[in-house]
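# Structural overview
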Amino acid sequence: MISSSYGQMSRLMDVSTRSMDRFNEVQKQIATGKKSDTFGGYAPVARTVINLRNEISRRESYMDSINVAQPRLVSSQTALGRMGTIMSDIQKTALTGAGTGPKDAALIRQQAQSALKEMTSLLNTKSDGQYVFAGSDSSNAPISSNDLMSGTPSLFTDISTRLSQLDGTPGNTLDDVMADLNTLSMDDTGGRSIFSASLSAPRPAGTQDEAPRSIVADDGQRITVAAKSISYKDPAAPADSTGSWTRDMMRDLMMLASASDELLNSDDGAKMMGRVSANMDRNMVSLNRTTADLAMSQRSLDALSDKHADMRVALKSQSSNVEDIDYTDAAARLKILETQLQSSWTILSKMGSMSLANFLR
């Protein structure tokens, strides 16, 4: 009889232990909101849980990439928009200067100098600490100096010196000088180039000819999120162009910013202003195309971001149906287990207080 009572006590303790384990498990479920903290706890639907989690993670990864790219795209478009306004103003000034009659040379130089400074600042635009026009070398400013008229780098001084030699004599005609200014603007020699060391050299030493930066924004879908390198020299460009609208623009601004009163009021000066006006018009076409491309990328990213967000909501709903507990059901189970445990402990307490004398009576 004693042996039987001890056996009953042992079985009751085993039941109590299992009830305690289940009680602790339900408590954990209520605390985390999940049915299990291991995939084994989701058998036989563990594969479904894994697939849903992976899909949610993939969508969130796409969204993270898009969220990083979008502010850069906005900053780039804003800067390009302002550049377009500046170029339009300079183009109008140059077109007026191409006409006959006296010119306000000081005003032309002042406008060009102001535009050159602002263009420098715009090309060095940053978003979240990164230079948006620097390509993959986004931690370094694409334009090497904040004051390109200081003489370091020497491009402004070199252009000013060559322009001052324009007098119509053999070797110093407008065509001769413009060709040389084009060559100077294409020169990436250290100390002359206005661009960073990275943008002044093609791959593998630099980034001048690298493809525009892009991101994978969806399965098999890559979206361009940056402009073509501002220092890239397109070999298919016309002879009077450097192959880069940025180089052409900065070259022409430096010409106007350094031209003398005598030159600006001469026949060669009028012809030069006519060429600058035509160049600016051509450069604005390139700039507007770049801006439109980035705007299209932004629209695509906005649409993909909405798509991923909607998919994430749907996937999380599916995941919740599989992984999340029913709090009402869990609370009811916890109450039942608590009652069972209390009953077990009460019985065990009474059995533990029994002595041999109780069985011999």
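This part takes up the layout of surface pockets. If you add up the space inside the largest pocket, you get close to 490 Å³. Around the largest pocket, the lining comprises 25 residues; the ones closest to its centre are K228, G243, W245, S286 and T290. Contributions of two or more residues to the lining of the largest pocket are made by helix 6 (245–258) and helix 8 (267–323). Looking at the lining of the largest pocket element by element, the count peaks at 8 residues for helix 8. Residue classes in the lining of the largest pocket are distributed as 9 nonpolar, 10 polar and 6 charged.

With that settled, the discussion passes to the packing of aromatic side chains. For the coordinates displayed, the defined rule picks out 0 aromatic pairs. If you follow K228 out to its NZ or CZ, it ends over the ring of Y232, 4.3 Å from the centre.

So, on to empty space enclosed by the protein. Within this structure, the stated rule accounts for 1 cavity of 30 Å³ or more. In this structure, the largest cavity encloses a volume near 60 Å³. Taken together, L155, L184, S185, D187, R192, S193, I194, F195, R247, M250 and R251 make up the lining of the largest cavity. Listed by contribution, the elements that provide at least two residues to the lining of the largest cavity are helix 5 (174–186) and helix 6. Looking at the lining of the largest cavity element by element, the count peaks at 3 residues for helix 6.

Once that is clear, we can look at the nonpolar core. Counting residues in hydrophobic clusters, the biggest one holds 61 residues, and the most contacted among them are M83, M249, M272 and L301. When residues of this core are assigned to their parent elements, the largest contribution, 10 residues, is made by helix 2 (residues 46–97). Excluding residues within four positions of it along the chain, M272 makes contact with L163, L174, M255, L256, A259, L263 and L264. In this structure, A46, L52, I56 and L315 belong to the second largest nonpolar core, which totals 7 residues.

Tracing the backbone shows R162 in helix 4 (residues 155–163). A distance of 2.8 Å separates the side chain of R162 from the side chain of Q165, its partner in a polar contact. Residue contacts for R162: discarding those within four places in its chain leaves G171, N172, D176, V177, D180, L181 and L184.

Attention now moves to the packing of helix 2 against helix 8. Two elements in contact, helix 2 and helix 8, have axes whose closest approach is 6 Å; the angle formed by their N-to-C orientations is 160 degrees. With respect to each other, helix 2 and helix 8 are oriented roughly antiparallel. When the axes of helix 2 and helix 8 are compared, the crossing they make is left-handed. Here the contact of helix 2 with helix 8 is composed, by residue class, of 29 nonpolar, 20 polar and 10 charged.

The next point concerns the pattern of salt bridges. By the definition in use, this model includes 20 salt bridges. Two residues, R109 and D261, come together in a salt bridge whose shortest N-O distance is 2.6 Å. A residue pair is termed long-range when its members are at least 10 positions apart, and R109 in helix 3 (residues 105–123) and D261 in helix 7 (residues 261–264) qualify at 152 residues. Residue D261 is classed as partly exposed on the basis of its relative accessible area of 41%. Members of the salt-bridge network, linked through shared partners, are E55, R58, R59, D218, D219 and K307.

About the thresholds
Within every chain, residues take consecutive numbers counted from 1 along the sequence as written. Two thresholds apply to this predicted model, a pLDDT of at least 70 for residue-level local features and 80 or more for giving and counting side-chain atom pairs, whereas whole-chain, interface and lining totals are computed over all residues. Side-chain metrics in this entry use all non-hydrogen atoms of the structure; hydrogen atoms and water are not considered. Think of a 1 Å grid over the protein atoms and nothing else: a 1.4 Å probe that fits but is trapped marks a cavity, an open set flanked by protein within 12 Å on at least five of seven lines marks a pocket, and residues with an atom within 4 Å of a point count as lining. Grid points are joined across faces, edges and corners, and a volume is the space filled by probe spheres set on the points. Put simply, DSSP H or I for four residues or longer makes a helix, DSSP E for two residues or longer makes a strand, and each gets a number counted from the N terminus. Under the convention adopted here, Pro, Cys and the residues Ala, Val, Leu, Ile, Met, Phe, Trp and Tyr are nonpolar, Asp, Glu, Lys and Arg are charged, and Gly plus all remaining residues are polar. Ring pairs are drawn from Phe, Tyr and Trp, using the six-membered ring of Trp, whenever the two centres fall within 6.5 Å, and their geometry is named by plane angle: stacked under 30 degrees, edge-to-face over 60, tilted for the rest. Should the NZ of a Lys or the CZ of an Arg lie within 6 Å of a ring centre and within 35 degrees of the ring normal, that charge is described as sitting over the ring. To form a nonpolar core, buried Ala, Val, Leu, Ile, Met, Phe, Trp, Tyr and Cys residues must be joined to one another through side-chain atoms within 4.5 Å. Partly exposed describes any residue whose relative accessible area lies between the buried limit of under 20% and the exposed limit of over 50%, with all areas from a 1.4 Å probe on protein chains only and scaled to the type maximum. Here a residue-residue contact requires only that any non-hydrogen atoms of the pair lie within 4.5 Å. Any pair of nitrogen or oxygen atoms within 3.5 Å is treated as a polar contact; in protein, a donor-acceptor pairing is required on top of that, and neighbouring residues in sequence qualify only through side-chain atoms on both sides. Axis lines are fitted through C-alpha atoms, for helices just across the contact stretch, and the angle between N-to-C directions can take any value from 0 to 180 degrees. For this classification, under 35 degrees means roughly parallel, over 145 means roughly antiparallel, 65 to 115 means roughly perpendicular, and everything else is oblique. In this scheme the crossing of two helices becomes right-handed for a clockwise turn of the near helix relative to the far one and left-handed for an anticlockwise turn of less than a right angle. Any carboxyl oxygen of Asp or Glu that lies within 4 Å of a side-chain nitrogen of Lys or Arg is treated as forming a salt bridge with it.

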